[in-house]
Amino acid sequence: MKKFVNDPKDYVAQMLEGLALANPGTLKYVPEYNLIMRADAPRENKVSIVQGSGSGHEPAHVMTVGRGMLDAACPGDVFAAPPADSVYETVKLVASAKGVLLLVNNYTGDRMAFEMAEELSQADGVTVRTLFIDDDVAVQDSTYTVGRRGVAGNFFVMKAVGAAAERGADLDEVHRIGEKVNSVTRSIGMALTACTPPAKGSPLFELPEDAVEMGVGIHGEPGRRREKLRSADAMVSELVDAVVDDLPYVSGDRVALMVNGLGGTPIGELYLVYGRAHRQLAGRGIEIGRSYVGEYCTSLDMAGASVTLVRLDDEISGLLADPAEIPMRVF
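Next up on the list: the pattern of salt bridges. In the structure shown here, the tally under the stated rule is 31 salt bridges. Ionic pairing is found between D253 and R311, a salt bridge with its closest N-O pair at 3.1 Å. Taken together, the residues span a long stretch of sequence, with D253 in the loop between α6 (232–246) and β10 (254–261) and R311 in strand β12 (residues 304–311) at a distance of 58 residues. A cluster of three or more residues bridged by salt bridges with shared partners is formed by R38, D40, R43, K46, D71 and E166.

Under the defined criterion, the tally for this structure stands at zero disulfides. The structure places no disulfide on C74, whose sulfur is separated from the nearest cysteine sulfur, that of C297, by 15 Å.

Taken in spatial order, the six strands line up as β9-β8-β7-β12-β10-β11 in an open sheet, and their pairing is mixed. Two strands lie at the open edges of the sheet, namely β9 (225–228) and β11 (287–294), each paired on one side alone. The mean inter-strand angle of the sheet, taken between neighbouring strand axes irrespective of direction, is 20 degrees. Bridge count for β10 against β12 is seven bridges, and the pairing is antiparallel. For G261, the partnering residue across the bridge sits in β12 and is A305. Each of β10, β11 and β12 touches helix α7 (residues 267–283); the most contacted strand, β11, lies at about 165 degrees to it.

Helix length check: helix α5 (residues 171–183) (13 residues) gives 18 Å between terminal C-alpha atoms against 18 Å at 1.5 Å per residue, within 8%. Within the span of α5, buried status applies to L171, V174, H175, I177, G178, V181 and N182. Around the axis of α5, the buried residues are gathered within 160 degrees of arc, so they sit on the same side. The inward-facing, buried residues of α5 contact β3 (48–51), β5 (100–105), β6 (128–133), α4 (154–166), β7 (185–191) and α8 (314–321). Among the residues of α5, the N-terminal cap falls to D170, whose side-chain oxygen and the backbone nitrogen of D172 are separated by 3.3 Å.

Time to look at the environment of I177. Summarising the element assignment, I177 is placed in helix α5. Separated by 132 residues in sequence, I177 and L309 have C-alpha atoms that sit 17 Å apart.

Note the cis peptide between A41 and P42, where omega equals -5 degrees. Within the fold, P42 resides in the loop between β2 (35–38) and β3. Backbone torsion omega between A60 and H61 reads 0 degrees, so that peptide bond is classified as cis. Within the secondary structure, H61 is located in the loop between β3 and β4 (72–73). Phi angles above zero are rare outside glycine, and F79 is one such case at about 60 degrees. Within the secondary structure, F79 sits in the loop between β4 and α2 (84–94). Residue F79 is classed as buried on the basis of its relative accessible area, which comes to 16%. At L300, a position not held by glycine, the phi torsion is positive, near 55 degrees.

Conventions and cut-offs
- Residues numbered from 1 in each chain as written.
- Predicted model: local features only at pLDDT ≥ 70, side-chain atom pairs only at ≥ 80, totals over all residues.
- Heavy atoms only, no water.
- Salt bridge = Lys/Arg side-chain N within 4 Å of Asp/Glu carboxyl O.
- Helix = DSSP H or I, 4+ residues; strand = E, 2+ residues; numbered from the N terminus.
- Disulfide = S-S within 2.5 Å.
- Pairing = 2+ DSSP bridges.
- Axes fitted to C-alpha atoms, helices over the stretch in contact; angles between N-to-C directions.
- Contact = heavy atoms within 4.5 Å.
- Expected span 1.5 Å × (residues − 1).
- Buried < 20%, exposed > 50% of the residue type's maximum accessible area, 1.4 Å probe, protein only.
- Arc of directions from axis to C-beta.
- Polar contact = N/O pair within 3.5 Å; in protein donor to acceptor, adjacent residues only side chain to side chain.

Shape descriptors only; they carry no functional weight alone.
Laid out in structure tokens, this is it:
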């Protein structure tokens, strides 16, 4: 597999350096702790929002640092949780008088790192709260998680809590909003191909040409089942049904619909997926209030897509509509 890679162990650091150089005056790279932060953080009049997780899911999370979203992101290596001490140092760097909210995708390694950092920060007198994101309906448990995984739906939590923090909400209110958005958000994905981590240099798993992985995880974890490649409409229908039936979403609901690319799917195919999903939801009497199509939470170069729904009300809709200024300028 051909990639733009020098030494694989330097991949993440060199990516973060490039990200900061491309956004002078707005982003700051701190190589000692492998983190990206807002150049103006911390701001004493707002809650600071921090997220981490492994690298390889860009633009999540390092490319969602900026006004209206994250104040900092501290990624680990590709598909690996960040070290607890890096999370701890990140919290110290961005801690404000209004406190820090840690957003954690629900994977075992991420939970351990962030919970330890939370304890260390609290011992230093920093006001910190943690919110776990678990929108993936594909499986209840896996070797990577305790409970459901946090996947592309984390975007909506970041967006809502970031907007609330910019408005001046206190830590309890920002945390409440994050929990509320997470509770009405559901996702599921599917893979057409495996991905290739830079350090491995070969596909992470084997997937025959005529097969797909339905419900795949963003690190290549097995999904609900492996099945034969079918028409786009048939596969999208299965994804939409799985998400709608889980909450469940019902006729009369107003939702945000996201079709997220996993890194190797052309944008035209994502819009094809969106069209089918939109028609299917309309047929169920579910109104599309906000639409998102693109790459929000990827799995390196995996070909595939995920579908996310968020049940909207006036509060969530207003927060999602607030402006944000980040490198990922797609909404």
